[in-house]
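Below, each chain spelled out in residue letters.
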Amino acid sequence: MGASRTAISSVTIMICTYQRPEMLARCLSSAATMNRVDGVDLCFAVVDNNPESQYDAYIKDMLAVLPFPTSYRHVEKRGYSSARNGASELALETPRDGGAVMEVDLLFTPEWLAGRGKCYQELQCVGICGPVTGDA
């Protein structure tokens, strides 16, 4: 069996949005409810998949209130795969150990980050995407 990975100390949370300003606002606002995990820094990478960039219209203001570093990219080519690819590229530009995808129509719960940390440790991975369970 290979050597175990060191603990994840920083995570980029990727969120893709398309014509859903209210959902994005709720999703990002719920990030403030997450319990912090000692030794884990967060960064948010938001990909705007709208035909025209919505950064100045509303995304900039939403990102400004987050207590975490943020990055933004407009991906003009429509489609979820284009947006996800853009999010992955954006996340790779951030100096983080791991990545997680959050759907814009879901909310962060207080234990969201701790649950992802447990997955990273148990699965010895650097990225998580998959079924969501719980109240979100």
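Structure report, in brief. Per chain, residues are indexed from 1 in the order of the written sequence. Note on the predicted model: pLDDT of at least 70 is required for a residue's local features to be given, and 80 or more for side-chain atom pairs to be given and counted; whole-chain, interface and lining totals, by contrast, use all residues. Hydrogens and water molecules were not included; the side-chain quantities draw on all heavy atoms of the structure.

## Thoughts on helix 1 (residues 21-30)
Among the residues of helix 1, L24, C27, L28 and S30 are the ones counted as buried. Across the axial projection of helix 1, the buried residues extend over an arc of 160 degrees, all falling on one side. Opposite the packed face of helix 1, turned more than 90 degrees from it, sit the exposed residues E22 and S29. Each residue is assigned to one of three classes by its accessible area relative to the maximum for its type, calculated with a 1.4 Å probe on protein chains only: buried under 20%, partly exposed between the two thresholds, exposed over 50%. The helix count covers DSSP runs of H or I at least four residues long, the strand count covers runs of E at least two residues long, and both are numbered beginning at the N terminus. By construction, the arc corresponds to the directions joining the helix axis to the C-beta atoms.

## Quick word on the pattern of salt bridges
Within this document, salt bridges are pairs made up of a side-chain nitrogen of Lys or Arg and a carboxyl oxygen of Asp or Glu, the two lying within 4 Å of each other. Applying the stated criterion across every chain yields a total of 4 salt bridges. Where K60 meets D56, a salt bridge forms, and the shortest distance between an N and an O atom there is 3.6 Å. One end of the pair, K60, and the other, D56, are both in helix 2 (residues 55-64), 4 residues apart, so they sit about a helical turn from each other. For D56, a relative accessible area of 61% translates into the label exposed. Measuring nitrogen to oxygen at the nearest pair gives 2.6 Å for the salt bridge that ties E103 to R84. One end of the pair, E103, is in the loop between strand 4 (98-101) and helix 4 (112-123); the other, R84, is in helix 3 (residues 80-92), and 19 residues separate them in sequence. The exposure class of E103 is partly exposed, given its relative accessible area of 27%. Each of R73, E89 and E93 takes part in one network of salt bridges that share partners.

## Considering the nonpolar core
Soluble globular proteins: nonpolar side chains tend toward being buried together. Among buried residues, the Ala, Val, Leu, Ile, Met, Phe, Trp, Tyr and Cys ones that are joined through side-chain atoms within 4.5 Å form a nonpolar core. Membership of the largest hydrophobic core comes to 26 residues, with the highest contact counts inside it found for I13, I15, M34, F44 and F108. For this core, the elements supplying multiple residues, two or more each, are strand 1 (10-17), helix 1, strand 2 (41-48), helix 2 and helix 4. The greatest single-element share of this core, amounting to 4 residues, is contributed by helix 2. Contact definition: two residues touch when any of their heavy atoms are within 4.5 Å. Excluding anything up to four places from it in sequence, F108 contacts I13, I15, C27, S30, A31, T33, M34, F44 and M102. The next biggest cluster of nonpolar side chains, apart from the first, holds 10 residues, and it includes A45, V47, A83 and V101.

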